[in-house]
Amino acid sequence: MKTFQLVRQAALSLARHRLRTVLMMLGVVVGIASLAILTSIGEATKRETMQRFKNMIGTFDTIMVRPGGGRSRGMPTLLNVPPTLRFEDSKAIAELPEIKSVAEMQSAFDIDIKYRGKAASPAVFGVSVNWLSLRSDEMADGVFFTEDQNTSLARVAVIGTDVRSALFPDEEPLGAMIRIAEVPFQVIGVLQSRGAGPAGGSLDNVILIPVKTASRRLFNRDYLTMVIAQLKDPTQSNQATNRVVALLRERHHIQPSALDDFAITNPAATMERVTQTSSTLAKILAGVAIMALLIGGIVIMSLMLIAISDRRREIGIWRSVGASRGEVVFQFLLEAVTVALAGGLAGVLIGIGGVQIAARIQKLPPVLVWRPFASAVLLSFVIGIVFGIYPAWKASRVDPIQALRS
Amino acid sequence: MIQVVNIRKTYARGNGGTVDALKSITFDISPGEFVAVRGASGSGKSTLLNILGCLDRPTSGSYRLDGEDVAGYSDKQLSRIRNGKIGFVFQAFNLLPRTTALENVEVPMVYRDGHVDRKRALAALERVGLAGRARHHASELSGGEQQRVAIARALINNPVLILADEPTGNLDFKAGQGVMTLLQELHDDGRTILAVTHDDDVAAYASRELRLQEGSILSSETVPTVLLRPAMGGKP
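Residues numbered from 1 in each chain as written. Chains lettered and ligands numbered in written order. Predicted model: local features only at pLDDT ≥ 70, side-chain atom pairs only at ≥ 80, totals over all residues.

**A closer look at the overall build of chain A**
Helix and strand counts for chain A stand at 13 helices and 12 strands. Taking the contacts inside chain A whose residues are at least 6 apart along the sequence as the reference set, 83% of them involve residues at least 24 apart. (Helix = DSSP H or I, 4+ residues; strand = E, 2+ residues; numbered from the N terminus. Contact = placed C-beta atoms within 7 Å.)

Printed below as a string of C-alpha cells:
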C-alpha cells in the first residue's frame with residue numbers, strides 16, 4: 001500500500017516535470033532501441049543463414065566429397081569436374097568404420113526437359129536411393145525410386161516443385177512421361193519444397209533420377225560429381241573427414257607432397273565458422289548499443305543530480321512529514337527506474353518498428369526475436385537502479401532543516 | 001506531554017572550536033498548552049524547534065515526547081515520530097509545488113501506512129475553511145490560504161504536538177490574524193501547540209511564554225490568555 005503510494009508519487013513527480021523526464025528517457029530510448037534492433041537483426045541474420053545452409057545440406061551429420069580439389073567454381077557438373085571420383089571410391093568410403101552410409105550423385109545443369117510443348121532446364125541429379133534420408137527431403141506426392149529401379153536402370157523421375165509448376169501448371173504430374181534430353185522418363189513423385197539456398201536461389205528447381213540410370217542412359221559417365229557420406233557420430237566430423245582424406249589419397253595414389261584431387265565439405269565445421277563470424281559481428285554491434293545505454297544512464301544520473309538542488313525543498317517537506325532517509329532513497333530510485341523502464345519500453349517499441357524497416361531494407365523476413373527485447377527491458381531496469389542509486393543517496397542526505405528555511 | 005531535561009546542542013565551528021546553540025535546557029509542556037518560544041535571533045529557538053520536531057538530535061540530554069524518550073532515536077524512528085506525533089507549520093508554508101491543496105494534505109498519510117483517506121483530507125481542508133479550494137494548486141492560493149493548507153496537512157495524522165515556526169512571518173496582518181485565530185481554535189479544541197516567534201501579537205495568543213537568550217531559558221511565564229488576546233488588535 002505504502003509502496004504503491006510511493007510509486008504513484010514518483011509517477012506524479014515525473015509527470016509534473018515532463019521536459020526533464022523526456023530528456024532523461026531519451027538516452028535510454030536510443031540505447032535500447034539500437035540494442036534491440038542490432039541484436040534482433042544479428043539474430044535474424046544468423047537464423048536465416050543457418051536455415052538456408054540447412055536447406056542446402058539437409059542434415060548436419062554428413063560430409064560431402066567432390067572431385068577436383070575444390071578449385072572448380074559454382075555447382076559441380078559432369079562437364080566441369082575431373083573424372084577422379086568414382087563409384088568404387090564411394091563404396092570404399094562406405095566401408096570406413098566412421099561412416100553409416102553414402103549417397104552418390106551425378107549432376108548436370110544444362111539439360112532440357114520437355115513435356116507437351118513446355119520446357120524447363122532444372123538441375124538434373126542422378127542419385128542413389130538413400131538420397132531422401134541423407135538430405136532429409138520429403139515427398140509431397142507419389143513415391144521415391146527403389147534400389148531395384150536403380151539397378152534395372154529404370155527411367156523414372158522425381159521432380160521438385162519448381163519443375164512441377166513449370167511443366168504441370170494445371171495437370172497431375174504423376175505418371176506423366178517427360179523427356180530428359182530426349183530420353184523419356186516417367187514421373188513417379190514430387191519432392192516437398194525446400195525453399196532458398198545460402199545464395200538465395202531456389203532449391204526446388206531439380207529433377208532426381210536413379211544414379212545408375214543417369215550414368216548409363218543419360219550421361220554415359222562412370223564418375224561422380226559428389227559423394228555424401230553420413231557419419232555414425234556427427235560430433236566426430238573432423239576425424240571422419242581426415243579418414244576419408246587419407247583413404248582417397250591412398251586410392252588415388254597421391255604423393256605426400258601433392259595436393260588432393262578431391263575436396264571435402266564438412267557442414268558442421270562450416271556452420272560453426274559461419275555462426276562464429278556472425279556472432280562476433282553481433283557482439284560488436286551489441287557493444288556499441290551498450291555504450292549508448294551507458295550514456296543514457298549517465299544522462300539520467302546527471303539530470304537527477306541537477307534536479308536534486310531544485311528539489312531540496314520538496315525533499316525537506318517529505319522528511320518533515322515523516323519520510324525516512326531510506327524512503328527518500330527509495331522514492332528517487334523509483335523515479336530513476338520508472339524513467340529508465342519507460343525509456344526501455346519506448347525503445348522496444350521503436351526497436352520493433354526498426355526491425356521491420358531494417359528487414360525490408362535487408363530483404364530478410366522480419367524475424368522478431370523476443371529475447372533481445374526482453375533483455376533490453378531488464379537491462380533498462382538495471383540501468384535505472386545503477387545510475388539512480390547515487391542521486392537517490394545524495395537526495396537522502398539533503399538536510400531538511402536547511403531545505404525548509406525559506 | 002513534553003519533558004526536556006538538560007538538552008544541549010553543540011555545533012562544530014570551522015576553526016576547530018565549538019558553539020553551544022543550546023546550553024542545558026530543561027522544561028515541561030503539559031497537554032493542551034499553547035507555548036510561545038521567544039528570543040532574539042541566535043538565541044537557540046530554531047535549534048530547539050528542530051530538536052522538538054525530531055528533525056535534529058540533541059548532543060546530550062533527554063527529550064520525552066508523549067512517553068517516548070526520542071533523544072537517541074535512529075533516523076527511521078524519528079521519521080515515524082515526525083509522521084505520527086508532530087505537525088509542522090513553517091514560515092514559508094512549504095507546500096509541494098505543482099500539487100493540489102488536497103494532495104498536499106494527503107502526503108503525510110502516504111508515509112504513515114500508505115492508506116490515503118481522501119475523505120479525511122477533505123475534512124481537514126474543511127476544518128481550515130478551504131474545502132472549496134481543494135483542487136487548486138499551491139501556487140494558485142494566497143499566502144494565508146497556503147498556510148491554512150499547511151495547517152490542514154499538520155493535522156491530518158492527528159499529532160500530539162503542533163510546531164509552528166513564525167507561522168505569520170510571511171503573511172500580511174489580516175491573513176496572519178486569520179491563521180492565529182485558526183491556531184487558537186485548535187488550542188481551544190485541546191491541541192498542544194508550540195510556536196516560535198519574535199512577534200508580540202503571535203505570542204499574545206499563547207498560554208505560556210518561554211524566553212530564550214544565548215541558548216538558555218531566560219524566563220517561563222504562564223499568562224492568562226483571556227487578558228492578553230485582545231492585544232492583537234493593538235498593533236498598527
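So that's the structure; there's more coming.
**As for the overall build of chain B**
Of regular secondary structure, chain B possesses eight helices and 10 strands. Counting all 236 residues of chain B, 47% fall into the buried class. In chain B, of all internal contacts separated by at least 6 residues, the share reaching a separation of at least 24 is 67%. (Buried ≥ 20, exposed ≤ 12 C-beta atoms within 10 Å, placed from the backbone.)

**Some details on the interface of chain A and chain B**
With 24 residues of chain A at the contact, the number on the chain B side is 26 residues. Top element by residues in the side of chain A that touches chain B is helix 1 (residues 2-16) of chain A. It accounts for seven residues. Of the residues that constitute the side of chain A that touches chain B, the class distribution is nine nonpolar, nine polar and six charged. (Nonpolar A, V, L, I, M, F, W, Y, C, P; charged D, E, K, R; others polar.)

**Details of helix 1 of chain A**
Residues and elements named next belong to chain A. For helix 1, with 15 residues, the first-to-last C-alpha span of 21 Å sits near the 21 Å given by 1.5 Å per residue. All of the buried residues along helix 1 are Gln 9, Ala 10, Ser 13 and Leu 14. Seen end-on, helix 1 carries its buried residues on one side only, within an arc spanning 135 degrees. With respect to the buried face of helix 1, the exposed residues turned more than 90 degrees away are Phe 4 and Ala 15. (Expected span 1.5 Å × (residues − 1). Arc of directions from axis to C-beta.)

**Looking at the sheet that holds strand 7 (residues 161-165) of chain B**
All names here are of chain B. Pairing is mixed across the open sheet formed by six strands, whose spatial order is 6-7-8-3-9-10. Two strands close off the open sheet at either side, each with one partner strand: strand 6 (86-89) and strand 10 (216-222). Averaged over all neighbouring strand pairs, the angle between strand axes comes to 15 degrees, with direction disregarded. With four bridges connecting them, strand 3 (residues 34-38) and strand 8 (residues 192-196) associate as parallel partners. (Pairing = 2+ DSSP bridges. Axes fitted to C-alpha atoms, helices over the stretch in contact; angles between N-to-C directions.)

**Details of the nonpolar core**
Core analysis: the biggest nonpolar cluster contains 121 residues, and Ala 336 of chain A together with Leu 125 and Ala 152 of chain B have the highest contact counts within it. When residues of this core are assigned to their parent elements, the largest contribution, 13 residues, is made by helix 2 (residues 18-57) of chain A. For Ala 152 of chain B, the residues in contact, after removing those within four places along its chain, are Val 105, Ala 124, Leu 125, Arg 127, Val 128 and Leu 130 of chain B. Core analysis: the second largest hydrophobic core is formed by 50 residues, Trp 131, Ile 159, Ala 240 and Val 244 of chain A among them. (Core = buried A, V, L, I, M, F, W, Y, C linked by C-beta atoms within 7 Å.)

**A look at the packing of helix 11 (residues 325-362) of chain A against helix 12 (residues 370-396) of chain A**
All names here are of chain A. Packing of helix 11 against helix 12 brings their axes to within 7 Å, and their N-to-C directions diverge by 150 degrees. The angle between helix 11 and helix 12 falls in the class roughly antiparallel. Taken as a pair, helix 11 and helix 12 cross one another with a handedness that is right-handed. Tallied by class, residues from the contact of helix 11 with helix 12 come to 23 nonpolar, eight polar and one charged. (Parallel < 35°, antiparallel > 145°, perpendicular 65-115°, else oblique. Left-handed = near helix turned anticlockwise from the far one by under 90°.)

Read these as geometric descriptors, not functional statements.
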